[in-house]
Structures are given as C-alpha cells and as structure tokens.
Amino acid sequence: MEAARKIDENDHTVYHIKTTGRGPLIETEHFCLWYGSSQALFDVSMDIELGLVTALIGPSGCGKSTLLRSLNRMNDLIDGLRTRGAVRFDGHDIYDRDTDVIGLRKRMGMVFQKPNPFPMSISENVTYPLKVDGIHDKTVLAETVERALQGAALWEEVKDRLKDNALGLSGGQQQRLCIARAIAADPDVLLMDEPCSALDPIATARIEELINELRGRYTIIIVTHNMQQAARVSDNTAFMYLGRLIEYGETTRIFTTPRSAKTEDYVTGRFG
C-alpha cells in the first residue's frame, strides 16, 4: 500500500483552475469568520457561477458548512460571530449594514442534512413560505403547490394525498418535499447541506437526478462528504481544508488533474 504523504498545514497556496466562464452570482473576497476567538474560515476568495452546481468538499470540520451558511447569513444566529472580507450576492455585499437579511434568505432556499418537514400536510409544507409572506389567495397557493412539487419531482407521487401529513412520507420523499418548500418562493439559489447523508442509495440517486434537473434554473451550492456524488452532480468543485480554500475549478479537472498535492491526496483517498 502506498504510504500517505505528510500534509504541509503551513502551505496556504490557493489554486484556481479555470471554471466554465459564466458570470458569477456570488463572490467571496478574502472572507474570514470567527466563532468567538476561534477562527473557522481563513481568507476565502471564490466566484460561484450563475446557474451551475458548485460542490464544497473536504474532510469533516474543514469549514464547508460554515461557508455555506455564511452565504445566507444563517451563522448570524450564533453568538460571538465575527467576519471580515466580503460576500457579494448579485453585486451587493451581504454583510453591509443595510442588507435585508430576511429578504436575502428568501432568495436562497436552504435544504438541510436531515429532512425536516413540518408536522402538517404536504400542501401546507409547500405553501408555508408564501403564507408567512401574507399570501393567502387559494388559486396562487394551489398553483404554487403543483409547480413546486413538479419542480421537486414529487407531484406524481403525492398529488392524490396533498392533505396527508408530510411525516408519513418516506425519507427520500420528505427530502424532496423540503426541496419543494425551498423552491416554492422562487429563489435564485439553492443551498444544500449534505442533503443525501441521511438517505439510502435509492433515495440518494433520486435526489442527484433532481439536482441535475434543477441545474440552470437555480444556482446550486452543495456541501457533500461524498466525493463520487460531487463528481456526478457538480460543474465546479471547491476543496477546503482546515478552514481554507485549497483549490477551486471545473469538477472534472479537480478530480483528474488537481494542481494541489493536498487536493490530490484527498480525492484519491490518501486522507480524509
């Protein structure tokens, strides 16, 4: 067996491989984040391209989910949070004082690691974001339910039981329902934090098919610990290690001809 190479943790070189050339929707520039005195992200600079799927990969604790949750400022809910640098969404720095954080989160649908449907009917789960916004027109709500469930590839499976409790769905169906809920308000971005980690292989395959179907309609950013999944579903991949962005570029090149020894060691299974 080939011996693992020693990782140089003091080498902070960042490699940017050519991406597809589409314009960026989200840009991070020298972005740093602290939880109290503990620094979780170090000088992260990257462009997330419009309409594509970007995967964030790396070992546990490397900052993938922290970076993802920084994009819709969900980390604001944690005491002692401090940031430096910029995160620009559609040209506007989301950490500016004048940012409408609620409005920002409406434009970024979030899908979590574990399916989290509300204990209410399937249709009420989908329309919940609209009702929170004060939309109660029955025609609009009904159209939204069908559109979102169609978009999440769930409509044909549940159209005859929309009033049933969502908790009665299978795990994979629950996660697709959460995706439907996320897209009901017609966001620009879908943030997915390891959306398949609690699912079986069949449900995982269905979610991956769905991501491919949603590509182009939404800008999708997915955190995944599964490198094969990243290779299957993403256009661009960012490899993170110890809170730093190590390498970023087209997925095929990250997995076949990485420039960083750290990236090569990770994607070939030498560590992680």
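Data block above holds the structure.
Residues numbered from 1 in each chain as written. Predicted model: local features only at pLDDT ≥ 70, side-chain atom pairs only at ≥ 80, totals over all residues. Heavy atoms only, no water.

(A) Broad picture of unusual backbone geometry. In the Ramachandran plot, Arg-73 falls in the positive-phi region, its phi being about 60° despite a non-glycine side chain. Residue Arg-73 is classed as buried on the basis of its relative accessible area of 14%. Look at Asp-90: it is not a glycine, yet its phi comes out positive at around 55°. Position of Asp-90 among the secondary structure elements: in the loop between strand S5 (81–89) and strand S6 (92–93). (Buried < 20%, exposed > 50% of the residue type's maximum accessible area, 1.4 Å probe, protein only. Helix = DSSP H or I, 4+ residues; strand = E, 2+ residues; numbered from the N terminus.)

(B) Just the side chain of Thr-224, in detail. As for its placement among the helices and strands, Thr-224 is situated in the loop between strand S9 (219–223) and helix H8 (227–233). We classify Thr-224 as buried; its relative accessible area is 2%. At a separation of 2.8 Å, a polar atom in the side chain of Thr-224 contacts the side chain of Gln-229. (Polar contact = N/O pair within 3.5 Å; in protein donor to acceptor, adjacent residues only side chain to side chain.)

(C) Geometry of the packing of aromatic side chains. Counted according to the given criterion, the structure contains 3 aromatic pairs. Centroid distance Phe-31 to Tyr-95: 5.4 Å. Interplanar angle 40°. Geometry classified as tilted. You can see Phe-31 sitting in strand S2 (residues 24–35) and its partner Tyr-95 sitting in the loop between S6 and helix H2 (101–106), a full 64 residues away along the chain. Among the residues examined, Phe-31 registers a relative accessible area of 0% and is labelled buried. (Phe/Tyr/Trp six-rings, centres within 6.5 Å; stacked < 30°, edge-to-face > 60°.)

(D) Region of interest: the sheet that holds S2. The strand order across the open sheet built from 4 strands is S3-S2-S5-S6, with neighbouring strands paired in antiparallel fashion. Since the sheet does not close on itself, it has two edges, and those belong to strand S3 (38–49) and S6, each with one partner. The pairing of S2 with S3 spans 8 bridges and is classified as antiparallel. Bridge pairing in S3 places Thr-28 opposite Met-46. (Pairing = 2+ DSSP bridges.)

(E) Representation of the environment of Gln-39 in the model. In this structure, Gln-39 sits in strand S3. Here Gln-39 falls in the partly exposed class, since its relative accessible area comes to 26%. For Gln-39 and Leu-81, which are 42 residues apart along the polypeptide, the C-alpha to C-alpha distance reads 9.7 Å. Aside from chain neighbours lying at most four places away, what touches Gln-39 is Cys-32, Leu-33 and Trp-34. At 3.4 Å, the side chain of Gln-39 forms a polar contact with the side chain of Trp-34. (Contact = heavy atoms within 4.5 Å.)

(F) Spotlight on the layout of surface pockets. Quantified by volume, the largest pocket comes out at close to 610 Å³. Contributing to the lining of the largest pocket are 20 residues, with Arg-105, Lys-106, Met-108, Met-110 and Pro-129 lying nearest its centre. For the lining of the largest pocket, the elements supplying multiple residues, two or more each, are H2, strand S7 (108–111), helix H3 (122–132) and helix H6 (171–183). When residues of the lining of the largest pocket are assigned to their parent elements, the largest contribution, 4 residues, is made by S7. In terms of residue class, the lining of the largest pocket is made up of 13 nonpolar, 3 polar and 4 charged. In this structure, the second largest pocket spans a volume of roughly 150 Å³. Every residue along the wall of the second largest pocket is listed here: Gln-39, Ala-40, Gly-61, Cys-62, Gly-63, Lys-64, Ser-65, Thr-66, Glu-194, Leu-242 and Gly-243. If you list the elements that add at least two residues to the lining of the second largest pocket, you get S3 and helix H1 (64–70). The element that contributes the greatest number of residues to the lining of the second largest pocket is H1, accounting for 3 residues. (1 Å grid on protein atoms, 1.4 Å probe; cavity = no way out; pocket = protein on both sides within 12 Å on 5 of 7 lines; lining within 4 Å. Points joined across faces, edges and corners; volume = space filled by probe spheres on them. Nonpolar A, V, L, I, M, F, W, Y, C, P; charged D, E, K, R; others polar.)

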